[in-house]
Amino acid sequence: MKAAVLHQPKTPLVIEDVAIGKPGPHEVLLRTAAVGVCHSDLHFLDGAYPFPMPVVLGHEAAGVVEQVGSEVRTVKPGDHVITCLSAYCGHCEHCLTGHLSLCVEPDTKRREGEEPRLLAKGAPMNQFLNLSAFAEQMLIHEHALVAIRRDMPLDRAALIGCAVTTGMGAVIHTARVSPGETVAVIGCGGIGLATINSAAIAGAGRIIAIDRVPGKLELAKQFGATDVINAADVDAVEAVRELTRGGVHHAFEAIGLKQTAEQAFSMLRRGGTATVIGMIAPGVKIEIKGTDFLAEKRIQGSMMGSNRFPVDMPRLVDFYLSGKLKLDELISRRMPLENINEAFDELRRGELARSVIMFEH
Ligand code: ZN
Ligand code: ZN
């Protein structure tokens, strides 16, 4: 099958043939239909986060089941599915207490000594986050996907695979925003926009979108922002405090920078919570005022929206099909796998919301 392979950090992906195995007892072989190009892929491509190479990146996908292993009961060939990097074992403490997205058990990977799922020119290749989605086919554990309604378009379904689950989960599961509470979201890329949309669905009172690109702030309004702040023109913290007379109940950081994580904490009212969604580079430290703890301010991380994706994703599909969840507006461009490097160039420029790679089969 054809896949986009990364051989060295900071080099373009190369489209080449990669061999893919047959499903083991608990595995599923998919025909990839669509895959979103996420900022997290860019972090690995640019070498900010290390990963063994060569590798096929990509982790925001939807597809159609081609073949299932002998023990797989949850999906069958022909089913439409969304994949998730939060593959869960189902029997560790995290899984058994309902925190599937924190599972780190290796049981969803192939064991050492077993034939690898992917081979490049006969040599084993590491699968990226249990998925490796920039490829015509994917061979993944049955706990890394969920079946969805047939009437859901697969290009929009792909976005639920990462950005939307992350944004929605941060609001609903990690921060538990209550109706009427005030929310600020720093960064209006794919995940930031999904966070704004989710805050609107959760019934947040005031939703303040913060970015430096005017076009993204316009988009934020369509996703439910009640107020926008251009951080290139004003001090975002001051502006939020002024708008809310003292600060927000919830601030979400959706970029992954020290400065914006600190701003998220600084714009809270007493008792408020800052939730950091963005991937902050290894080694970076966050500085916050110790006295703010006396005001019961909190700061927390959110990994993939603290998801229970087999339950969450079909619900998100229902939200889209009932008109509550905006996905059409999130897709700025559709392109074939051959043009994938353009999608990364665009991410670096930070102008558009999201590119989706479409596969013709
Ligand atoms: Zn992602
Ligand atoms: Zn587990």
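Going by the structure above, here's the rest.
These remarks concern the structure in this document. The shown structure was predicted, so the numbers you read here are calculated from the model rather than taken from an experiment. (Residues numbered from 1 in each chain as written. Chains lettered and ligands numbered in written order. Predicted model: local features only at pLDDT ≥ 70, side-chain atom pairs only at ≥ 80, totals over all residues. Heavy atoms only, no water.)

### Some thoughts on the overall build of the chain
In terms of helices and strands, the chain carries nine helices and 19 strands. Taken over C-alpha atoms, the radius of gyration comes to 20 Å for the chain, in line with the 21 Å a tight globule of 361 residues would show. C-alpha atoms of the chain, sized along the principal axes, occupy 60 × 40 × 40 Å. The buried share of the chain, reckoned over its 361 residues, is 56%. Taking the intrachain contacts of the chain between residues at least 6 apart in sequence as the baseline, contacts between residues at least 24 apart amount to 70%. Looking at the chain, you have 37 positive and 42 negative side-chain charges, and the mean spots of the two groups are 4 Å apart. (Helix = DSSP H or I, 4+ residues; strand = E, 2+ residues; numbered from the N terminus. Rg over C-alpha atoms; globule rule 2.2 N^0.38 Å. Buried < 20%, exposed > 50% of the residue type's maximum accessible area, 1.4 Å probe, protein only. Contact = heavy atoms within 4.5 Å. Lys, Arg positive; Asp, Glu negative; His and termini not counted. Charge placed at Lys NZ, Arg CZ, Asp CG, Glu CD.)

### Considering the pairing of strand E15 (residues 248–253)
Within E15, five of the six residues are buried, which leaves the element mostly enclosed by the surrounding structure. Taken together, the four bridges between strand E12 (residues 183–186) and E15 define a ladder with parallel strand orientation. Considered in E15, the bridge of valine 183 is made with histidine 250. (Pairing = 2+ DSSP bridges.)

### Points about the coordination of the zinc ion (ligand 2)
Within the protein, Cys89 (SG), Cys92 (SG), Cys95 (SG) and Cys103 (SG) serve as the donor atoms for the zinc ion (ligand 2), at 2.3 to 2.4 Å. Between the four donor atoms coordinating the zinc ion (ligand 2), the angles at the centre fall across 105 to 115°, so the site counts as tetrahedral. Read from N- to C-terminus, the donor residues coordinating the zinc ion (ligand 2) fall into the pattern C-x2-C-x2-C-x7-C. Here the residue cysteine 89 occupies a position in the loop between strand E7 (80–83) and helix H2 (93–96), and cysteine 103 occupies one in the loop between H2 and strand E8 (118–120), the gap between them amounting to 14 residues. Residues cysteine 89 and cysteine 103 agree in their burial class; the two are buried. (Donors = N, O, S within 2.8 Å, 3.2 Å for Na, K, Ca; no water. Tetrahedral: all angles 85-135°; square planar, octahedral: opposite > 155°, others 65-115°.)

### With respect to the sheet that holds strand E3 (residues 19–20)
In spatial order, the strands read E2-E1-E5-E9-E8-E3; together these six strands make up an open sheet with mixed pairing. Pairing within the sheet leaves two strands with one partner each, and these edge strands are strand E2 (14–17) and E3. Where strand E5 (residues 55–56) and strand E9 (residues 123–127) come together, two bridges link them in parallel fashion. If you follow valine 55 over to E9, its bridge partner there is asparagine 126.

### A look at the coordination of the zinc ion (ligand 1)
Working reference: metal with six octahedral donors, ideal angles 90 or 180 degrees; metal with four tetrahedral donors, ideal angle 109.5 degrees. At the metal site, the zinc ion (ligand 1) is ligated by Cys38 (SG), His59 (NE2) and Cys162 (SG), and these contacts range over 2.0 to 2.2 Å. Counting along the primary sequence, the residues that act as donors to the zinc ion (ligand 1) give the motif C-x20-H-x102-C. One end of the pair, histidine 59, is in the loop between E5 and strand E6 (61–68); the other, cysteine 162, is in helix H3 (residues 154–174), with 103 residues separating them in the sequence. For cysteine 162, a relative accessible area of 3% translates into the label buried.

### Description of the pattern of salt bridges
Tallied over the full model, the rule gives 25 salt bridges. A salt bridge links aspartate 328 to arginine 156, with the shortest nitrogen-to-oxygen separation between them at 3.1 Å. Placement of the pair is aspartate 328 in the loop between helix H8 (309–321) and strand E18 (333–335) and arginine 156 in helix H3, with a sequence separation of 172 residues. Aspartate 328 sits in the partly exposed class, given a relative accessible area of 38%. A relative accessible area of 18% means that arginine 156 is categorised as buried. (Salt bridge = Lys/Arg side-chain N within 4 Å of Asp/Glu carboxyl O.)

### A look at unusual backbone geometry
With an omega of 0°, the peptide bond running from methionine 53 to proline 54 counts as cis. Looking at the element boundaries, proline 54 is found in the loop between helix H1 (39–45) and E5. The backbone of asparagine 130 shows a phi angle near 70°, a positive value even though the residue is not glycine. When you line up the elements, asparagine 130 lands in the loop between E9 and strand E10 (137–141). Relative accessible area serves as the criterion here: at 10%, asparagine 130 is assigned to the buried category. Here glutamate 296, not a glycine, exhibits a phi torsion of approximately 55°, which is positive.

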